[in-house]
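Topology and contacts: notes
Here is how the chains run, residue by residue.
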Amino acid sequence: MNRLRPNAIANWLLAVALLVFAMVVVGGITRLTESGLSITEWKPVSGAIPPLNEAAWLDAFAKYRQIPEYQLINKGMTLAQFKFIYFWEFMHRLLGRLIGVAFGLPLAWFALRRAIPTGYGWRLSALLALGGLQGAIGWWMVASGLTLRTDVSHYRLATHLLTALFILGGLIWTALDLKALAMDPRSRPARITGLGAAVLVVLAIQLLFGAYTAGLNAGLVSNQWPLMNGQFFPGATQTGRSFFDATFNDPAIIHFIHRWWAWVVVVVLVVLARRVKASGERRVSVAIHSTFGTQIILGIATVMTNVSLTIAVLHQAVGALVVAATVWGVHIIGHRKESLS
């Protein structure tokens, strides 16, 4: 009896990808509500249980009152207000734990049943390890804001967000490979073509500067579009910076790069969508166009509403959908078949 279950594994991976998408959305809410530093300890196991009585809440609040964010920004915050920000950080961490269980346990079951096709065991194990690393990266990010800063390092935030999106893309790519294998045993894992690599690099740069924009609150530099405070190029907000330093640390420059590099992304995604459509996958072409078109509108709206919470969260959510649609398109142009020997 054939124990291989490529389609079942693919469906499981897509379900986990949906959880990762939810994690990205909740992470956006956590950031925008300034909730990320509310839990000042990292307890992977016991941390899954929130404070259950008044004494426990007061203890958690006392620890928060020791960090610079409270002392310099939120001094005088009530316990009720603290519970609000604690809720979002707790939900973010709880989702991370849920994803670990939702990935680890089925992986073990499929492995014990010998249901994993040849060549996919290492890839699934790598995704599991990357998920564990992501938890450590999350704490590494939080720790950067607990002593000398009132927020987290934008470099660490970018690492955390891009790792999450890389995991999302890896889950989708692997699921698509397995779906193709389930339909045709001659199907081989897709490869990244030259065009695919170029598209992914261009998109990764945009995501990087989007994360920097979020981490430095650079979206608040200007609420105008297409100009920034009456100018096309705003210039650095602080004088004396080197070109390199301003590019990666100055909020105005980072905001400028993020809003205009988006159009480079649009160009390469249009090229990708046309190639995908030519291969007969019109629905994927539509998905690519729809996601990046919506994302452009949400990006402009985020700026012009002074980073409205609802619109900014939607902007991050659709950004994850752009990644998903792009990975789908790159996979299609890299799909190949080989005859069984």
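Heads up: the structure comes first, above all this text.
Below is a short write-up of the structure. Just so we're clear, the structure is a prediction, and the values are computed from it rather than from any experiment. (Residues numbered from 1 in each chain as written. Predicted model: local features only at pLDDT ≥ 70, side-chain atom pairs only at ≥ 80, totals over all residues. Heavy atoms only, no water.)

Remarks on the overall build of the protein
Of regular secondary structure, the protein possesses 11 helices and 2 strands. N-terminal to C-terminal, the α/β element order of the protein is α-α-α-α-α-α-β-α-α-α-α-α-β. For 341 residues, the compact-globule estimate of 2.2 N^0.38 gives 20 Å, and the C-alpha radius of gyration of the protein, at 22 Å, lies within 12% of that figure. C-alpha extents for the protein along the principal axes are approximately 70 × 55 × 30 Å. Per-residue burial over the protein gives 48% buried out of 341 residues. Partitioning the intrachain contacts of the protein with sequence separation of at least 6 by distance along the chain shows that 77% fall at a separation of at least 24. Across the protein, 28 positive and 13 negative side-chain charges occur, with their mean positions spaced 11 Å apart. (Helix = DSSP H or I, 4+ residues; strand = E, 2+ residues; numbered from the N terminus. Rg over C-alpha atoms; globule rule 2.2 N^0.38 Å. Buried < 20%, exposed > 50% of the residue type's maximum accessible area, 1.4 Å probe, protein only. Contact = heavy atoms within 4.5 Å. Lys, Arg positive; Asp, Glu negative; His and termini not counted. Charge placed at Lys NZ, Arg CZ, Asp CG, Glu CD.)

Digging into helix 9 (residues 251–278)
A rise of 1.5 Å per residue sets the reference length of helix 9, with its 28 residues, at 40 Å; its end C-alpha atoms lie 41 Å apart and thus fit the reference within 8%. With a side-chain oxygen positioned 3.0 Å from the backbone nitrogen of Ala252, the residue opening helix 9 is Asp250. (Expected span 1.5 Å × (residues − 1). Polar contact = N/O pair within 3.5 Å; in protein donor to acceptor, adjacent residues only side chain to side chain.)

Considerations on the pattern of salt bridges
Tallied over the entire structure, the rule returns 8 salt bridges. A salt bridge links Asp151 to Arg149, with the shortest nitrogen-to-oxygen separation between them at 3.2 Å. (Salt bridge = Lys/Arg side-chain N within 4 Å of Asp/Glu carboxyl O.)

What to know about the packing of aromatic side chains
Summed over all chains, the structure comprises 22 aromatic pairs. Relative to Trp139, the ring of Trp42 has its centre 6.4 Å away and its plane inclined at 15 degrees; by these criteria the two rings are stacked. Here the residue Trp42 occupies a position in the loop between helix 1 (6–32) and helix 2 (54–64), and Trp139 occupies one in helix 5 (residues 121–143), the gap between them amounting to 97 residues. Note on Trp42: relative accessible area 40%, which makes it partly exposed. Judged by centre distance (5.3 Å) and plane angle (75 degrees), the rings of Trp109 and Phe110 are edge-to-face. In this structure Phe110 comes out as buried when scored by relative accessible area, which is 8%. An aromatic cluster is defined as three or more aromatic residues linked by ring pairs; in this entry it consists of Trp57, Phe61, Tyr64, Tyr70, Phe82, Tyr86 and Phe90. Its end group placed over the ring of Phe61, Arg65 keeps NZ or CZ at 4.7 Å from the ring centre. (Phe/Tyr/Trp six-rings, centres within 6.5 Å; stacked < 30°, edge-to-face > 60°. Lys NZ or Arg CZ within 6 Å of the ring centre and 35° of its normal.)

Notes on the nonpolar core
If you look at the biggest cluster of nonpolar residues, it comprises 90 residues, and the most contacted ones within it are Trp12, Leu13, Phe82, Phe103, Leu171 and Ile288. Of all the elements, helix 6 (residues 154–183) adds the most residues to this core, at 14 residues. Discounting residues that sit within four places of it in the chain, Phe82 has contacts with Ser38, Trp57, Ala60, Phe61, Tyr64 and Met77. (Core = buried A, V, L, I, M, F, W, Y, C linked by side-chain atoms within 4.5 Å.)

With respect to a nonpolar patch on the surface
On the surface, a nonpolar cluster with roughly 290 Å² of combined accessible area is contributed by Trp225, Trp263 and Met304. Mapping Trp263 onto the fold places it in helix 9. (Patch = residues over 30% accessible without salt bridge, like charges linked within 9 Å, V, L, I, M, F, W, Y side chains within 5 Å. Areas by Shrake-Rupley, 256 points an atom, 1.4 Å probe, with all protein chains shown as cover.)

Things to note about the side chain of Thr247
On the secondary structure map, Thr247 appears in helix 8 (residues 243–249). You can call Thr247 buried: its relative accessible area is 12%. When neighbours within four sequence positions are excluded, Thr247 is seen to be in contact with Phe209, Ile253, Ile254 and Ile257.

Points about unusual backbone geometry
Cis peptide bonds are those with omega within 30 degrees of zero, and the linkage from Trp225 to Pro226 qualifies with 5 degrees. Mapped onto the elements of the fold, Pro226 is located in the loop between helix 7 (194–215) and helix 8. Of note in the backbone geometry, Glu34 takes a positive phi value of approximately 55 degrees without being a glycine. With respect to the helices, strands and loops of the structure, Glu34 is situated in the loop between helix 1 and helix 2. For Glu34, a relative accessible area of 39% puts it in the partly exposed group.

Quick word on the layout of surface pockets
In this structure, the second largest pocket occupies an estimated 530 Å³ of space. Along the wall of the second largest pocket there are 18 residues; nearest its centre are Phe166, Gly169, Gly170, Leu200 and Val327. Mapped onto the lining of the second largest pocket, the elements with two or more residues apiece are helix 5, helix 6, helix 7 and helix 11 (309–333). When residues in the lining of the second largest pocket are grouped by element, the largest group, 7 residues, is from helix 6. Looking at side-chain class alone, the lining of the second largest pocket contains 14 nonpolar, 3 polar and 1 charged residues. (1 Å grid on protein atoms, 1.4 Å probe; cavity = no way out; pocket = protein on both sides within 12 Å on 5 of 7 lines; lining within 4 Å. Points joined across faces, edges and corners; volume = space filled by probe spheres on them. Nonpolar A, V, L, I, M, F, W, Y, C, P; charged D, E, K, R; others polar.)

A short note on the environment of Leu19
For Leu19, the location among the structural elements is in helix 1. Remark: the alpha-carbon pair of Leu19 and Leu168, spanning 149 residues in sequence, is separated by 9.3 Å.

A few points about the packing of helix 1 against helix 4 (residues 79–112)
Close contact between helix 1 and helix 4 brings their axes to 9 Å; oriented N to C, the two are set at 170 degrees. Accordingly, the angle class assigned to the pair helix 1 and helix 4 is roughly antiparallel. A class-by-class count of the residues in the contact of helix 1 with helix 4 yields 21 nonpolar, 4 polar and 1 charged. (Axes fitted to C-alpha atoms, helices over the stretch in contact; angles between N-to-C directions. Parallel < 35°, antiparallel > 145°, perpendicular 65-115°, else oblique.)

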